[in-house]
Amino acid sequence: MSTLPYQEPLVVREPGPLQIPEPARRGEPGGPPCAICSGETRAAVWSEENWTLHPPAQGSLVGAVWLASRVHEDSFSDLPEEVASTFGPVAARIERAILSLDDVARVHLYRWGDGGAHFHVWFLPRPLGMLEASGMMLPVWEDVLPNVADSGLAEAAERWPAGSVPATPSSSG
Ligand SMILES: [Zn+2]
């Protein structure tokens, strides 16, 4: 079912030497500045009190977005409780909005945090019928599929159906 987007035979590679301590990530003491806090990322297509939602740059899946906390904190365990507690409802709205786009089978969430130390979660739509991109294969396929124009990615993210992602928390129903 799920398949790597490469032809076989692939050869298993031995892991390289461990790098300890690890190099500082963006937004970490000693690392480069945080790209989210310094506004180097794509502008938000939606935001509210605690969260901002962004389209990717140079992506291949229409409907893909990433959600960032407004506060510069690293992961779930670092977020203030009042922010962390709103993650589930916000994620549900985003999932609903992506599923309303055409030809989306499922929405995958990925939080890695290896590149930057500012909380952000990816929402990737798995194309309907593309079973070889199931599970962990979706981001690998995302990497090799031809990129969609950034304007197309932003347009899809801005095309939230009315009510799925309210403009303000108070308008949620
Ligand atoms: Zn930051």
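This one's a predicted model, so the numbers in the text were calculated from it and none came from an experiment.

About the criteria used
Residues numbered from 1 in each chain as written. Predicted model: local features only at pLDDT ≥ 70, side-chain atom pairs only at ≥ 80, totals over all residues. Helix = DSSP H or I, 4+ residues; strand = E, 2+ residues; numbered from the N terminus. Rg over C-alpha atoms; globule rule 2.2 N^0.38 Å. Buried ≥ 20, exposed ≤ 12 C-beta atoms within 10 Å, placed from the backbone. Contact = placed C-beta atoms within 7 Å. Pairing = 2+ DSSP bridges. Axes fitted to C-alpha atoms, helices over the stretch in contact; angles between N-to-C directions. Core = buried A, V, L, I, M, F, W, Y, C linked by C-beta atoms within 7 Å. pLDDT = per-residue confidence, 0-100.

Enquirer: Hey, could you go over the overall build of the protein for me, with residue numbers and the actual values?
Expert: The helix and strand inventory of the protein stands at four helices and five strands. For the protein, whose C-alpha radius of gyration is 17 Å, the value lies close to the compact-globule estimate of 16 Å for 173 residues. Viewed in the frame of its principal axes, the protein has a C-alpha envelope of about 55 × 45 × 30 Å. Residues classed as buried in the protein amount to 26% of the 173 residues present. The contacts in the protein between residues at least 6 apart in sequence include a share of 62% that link residues at least 24 apart.

Enquirer: For the sheet that holds strand 4 (residues 104–110), give the residues involved together with the corresponding values.
Expert: Taken in spatial order, the five strands line up as 1-2-3-5-4 in an open sheet, and their pairing is antiparallel. Only two strands of the sheet have a single neighbouring strand rather than two, namely strand 1 (46–47) and strand 4. Each of strand 2 (51–54), strand 3 (65–69), strand 4 and strand 5 (120–127) is contacted by helix 2 (residues 87–99), which is oriented at about 145 degrees to strand 4, the strand it contacts most.

Enquirer: Describe the nonpolar core, with residues and values.
Expert: One recurring pattern in soluble globular proteins is that nonpolar side chains are buried together. Counting 26 residues, the largest nonpolar core has Val-65, Leu-67, Ile-94 and Phe-123 as its most contacted members. Elements represented by at least two residues in this core include exactly strand 2, strand 3, helix 2, strand 5, helix 3 (137–144) and helix 4 (150–158).

Enquirer: Which residues make up the confidence of the model for the protein, and what values go with them?
Expert: Mean pLDDT for the protein: 91, with 92% of residues reaching 70 or above. Taken together, the stretch residues 166–173 has pLDDT below 50 and engages in five contacts with residues farther than four places along the chain or on a different chain.

Enquirer: An account of the environment of Glu-73 is needed here, citing residue identities and associated values.
Expert: For Glu-73, the location among the structural elements is in the loop between strand 3 and helix 1 (81–84). As a C-alpha pair, Glu-73 and Phe-119 span 46 residues in sequence and 5.8 Å in three-dimensional space. Residue contacts for Glu-73: discarding those within four places in its chain leaves Asp-78, Leu-79 and Phe-119.

Enquirer: Would you mind going over the environment of Met-1 in detail, with residue names and values included?
Expert: Structurally, Met-1 is set in the segment before strand 1. You can call Met-1 exposed: it has 8 C-beta atoms within 10 Å. Sequence separation between Met-1 and Leu-128 is 127 residues; the distance between their C-alpha atoms is 14 Å. Dropping the residues within four chain positions of it, Met-1 is found in contact with Leu-131 and Ser-134.

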